[in-house]
Amino acid sequence: MDATAASETKPLLKLSIPLMIGLAAALMIGVVDTIMIAPLGTVPLAAAGIATAVLIIIISALWGIITVLSVRISQADGASDAVSVSSEMRNGIFTALLGGVAGAALMLLTFPLLGPIGQPDEVIAIVFPYWAAMSVWIVPFTLFFAVKALFDAVGREWTGVAISYVGVVFNIPANYLLIYTAELGLVGAGFASVISQSVSLLVAYVVWKHAPSLAKYRAEAKVSLRKVREQLRESLPLCIGYAGEGGAYAFVGIMMGWLGATALAAHQVVNAVGGLSYVVPLGLAGAVSIRVGHAVGGSGRGRLRAILKSAIGISILWMSVIAVLYVTLGRPLAELLSDDAAVVALAALLFVIVGLLQVVDGIQGTALGALRGISDNTVPTTITLVAYWALALPVAYILAFPLEMGAVGLWLGYTVGLAVAAIALPWRYWRLTGAPA
């Protein structure tokens, strides 16, 4: 790494670490749910798994709105324009509300498709109340991260982290009371998630409205339908791209259901832990997009390549460590989340495969964040759609079913898409940042 890229390492780490920790808080709610649902049995755990698979698609799509809001705020803050920051924030909350409600409605509308796509009957029989609760959860989740985007973009990252963990702490007793004391079972976990996420949203909103350090970002600005349409229009290719990536990942979960409840439950165990590791590339991607956005807003184009070089170096290091942990600790991790011997054995094997794909996943995610920072959205979306849908899923299906590799084949096929994206996305960024604007 050259000196210019090395100089970007400290700012990236300073920004990405709180982003990672904050994202981990959102995923910790899912981990807590998995831990507390697991004693209910393999079928409830599988039901949570299929709900999570669909949630991944919808939340991935909505992440496009959050990303655009974060980049637009960071570009305005890079230009030292606090009024524009406030305007983007106020309009962004409305945009996020529209997105969250649409996402909740979409999740409810997809429920009747579970039977036609081959999910186990015993899972479908119990999952709808939990499914409905998690549909509602999408709205406070999206709104919370819209408010958190302001904290992250203007240098108040740790404020967002602290508020994120309010929900995690609240979720633990809420889960226990609703699942076991109130004897609501699986749906109790869904109610607890909705309540916990709403608490975090409320605290975040109060901090934004009243914290003295954020006063300049509360300048009066009207909610403009033109501005909302502009944010939605810019978000659309990102939403499609993220949904394409998340949808491909989720479709792997759907194909797991074709292999039975045991495979689906093992997949949920890997999801619960693997989601926590994914905060590393996702948090780093967020930090890169903000750093690139600041550079663009502040006329710092000469730093753009250095930012990516530093970010990829950090990503490779982080993800290599995580890969080693998964390969060596997969079985103990699985045993923490399930007492079904068949589920544990399969999950332990899947952890090895997931460990092997960590580095390429980190590279493609980091490069994608850099491209978002320069507002390059359409071509990266095309790259990800081709990588996952035209390559990864067909290969996964062939390996899993005609070649009878089962769950392992599904994950190996998914790795193919990650590898293609890990080559194409950095190349795209490098080409775009090589000449003066």
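Criteria and thresholds
- Residues numbered from 1 in each chain as written.
- Predicted model: local features only at pLDDT ≥ 70, side-chain atom pairs only at ≥ 80, totals over all residues.
- Heavy atoms only, no water.
- Helix = DSSP H or I, 4+ residues; strand = E, 2+ residues; numbered from the N terminus.
- Rg over C-alpha atoms; globule rule 2.2 N^0.38 Å.
- Buried < 20%, exposed > 50% of the residue type's maximum accessible area, 1.4 Å probe, protein only.
- Areas by Shrake-Rupley, 256 points an atom, 1.4 Å probe, with all protein chains shown as cover.
- Salt bridge = Lys/Arg side-chain N within 4 Å of Asp/Glu carboxyl O.
- Phe/Tyr/Trp six-rings, centres within 6.5 Å; stacked < 30°, edge-to-face > 60°.
- Lys NZ or Arg CZ within 6 Å of the ring centre and 35° of its normal.
- Axes fitted to C-alpha atoms, helices over the stretch in contact; angles between N-to-C directions.
- Parallel < 35°, antiparallel > 145°, perpendicular 65-115°, else oblique.
- Contact = heavy atoms within 4.5 Å.
- Nonpolar A, V, L, I, M, F, W, Y, C, P; charged D, E, K, R; others polar.

(A) Spatial organisation of the overall build of the chain. Each helix and strand counted, the chain has 13 helices and zero strands in total. For the chain, the N- to C-terminal ordering of α and β elements is α-α-α-α-α-α-α-α-α-α-α-α-α. For 437 residues, the compact-globule formula gives about 22 Å, and the C-alpha radius of gyration of the chain, at 21 Å, lands near that figure. Seen through its C-alpha atoms, the chain measures out along the principal axes to roughly 55 × 45 × 35 Å. Burial analysis of the chain (437 residues in total) assigns 58% to the buried set. Only carbon and sulfur atoms are counted for the fraction: they give 72% of the accessible area of the chain, which is about 16,400 Å².

(B) Region of the structure containing the pattern of salt bridges. For the structure shown, the criterion picks out nine salt bridges. Ionic pairing is found between Arg 303 and Glu 8, a salt bridge with its closest N-O pair at 3.1 Å. With a gap of 295 residues between them, Arg 303 in the loop between α8 (261–297) and α9 (304–337) and Glu 8 in helix α1 (residues 3–37) connect regions that are remote in the sequence. You can call Arg 303 partly exposed: its relative accessible area is 28%. Note that Arg 226 and Glu 230 form a salt bridge whose closest N and O atoms lie 3.2 Å from each other. Of the two residues, Arg 226 and Glu 230 are both situated in helix α7 (residues 225–258); the distance of four residues between them amounts to about one turn of the helix. Each of Arg 72, Glu 88, Arg 226, Lys 227, Glu 230 and Glu 234 takes part in salt bridges that share partners, so that together they form one network.

(C) Focus on the packing of aromatic side chains. Within this structure, the stated rule accounts for 15 aromatic pairs. Considering the side-chain rings of Phe 111 and Trp 131, the 5.6 Å spacing of their centres and the 65° angle between planes classify their relative orientation as edge-to-face. Of the two residues, Phe 111 sits in the loop between α3 (82–110) and α4 (121–153) while Trp 131 sits in helix α4, which places them 20 residues apart along the sequence. Taking 5.1 Å as the distance between ring centres and 40° as the angle between the ring planes, the aromatic pair formed by Tyr 397 and Phe 401 counts as tilted. For Tyr 397, a relative accessible area of 40% translates into the label partly exposed. Chaining the aromatic ring pairs together yields one cluster made of Trp 63, Trp 137, Phe 141, Phe 144 and Phe 145. Its end group placed over the ring of Trp 208, Lys 209 keeps NZ or CZ at 5.4 Å from the ring centre.

(D) Structural detail: unusual backbone geometry. The residue Glu 183 is not glycine, and still its phi comes out positive at about 55°. Along the chain, Glu 183 turns up in the loop between α5 (157–181) and α6 (186–210). By relative accessible area, Glu 183 is classed as exposed at 68%.

(E) Focus on the packing of α7 against helix α11 (residues 358–373). The interhelical angle for the contact between α7 and α11, taken along N-to-C directions, is 175°, at an axis separation of 13 Å. The angle between α7 and α11 falls in the class roughly antiparallel. Here Leu 238, Tyr 242 and Glu 245 of α7 lie close against α11, whose contacting residues are Gln 364, Leu 368 and Arg 372. A breakdown of the residues in the contact of α7 with α11 according to their chemical character gives three nonpolar, one polar and two charged.

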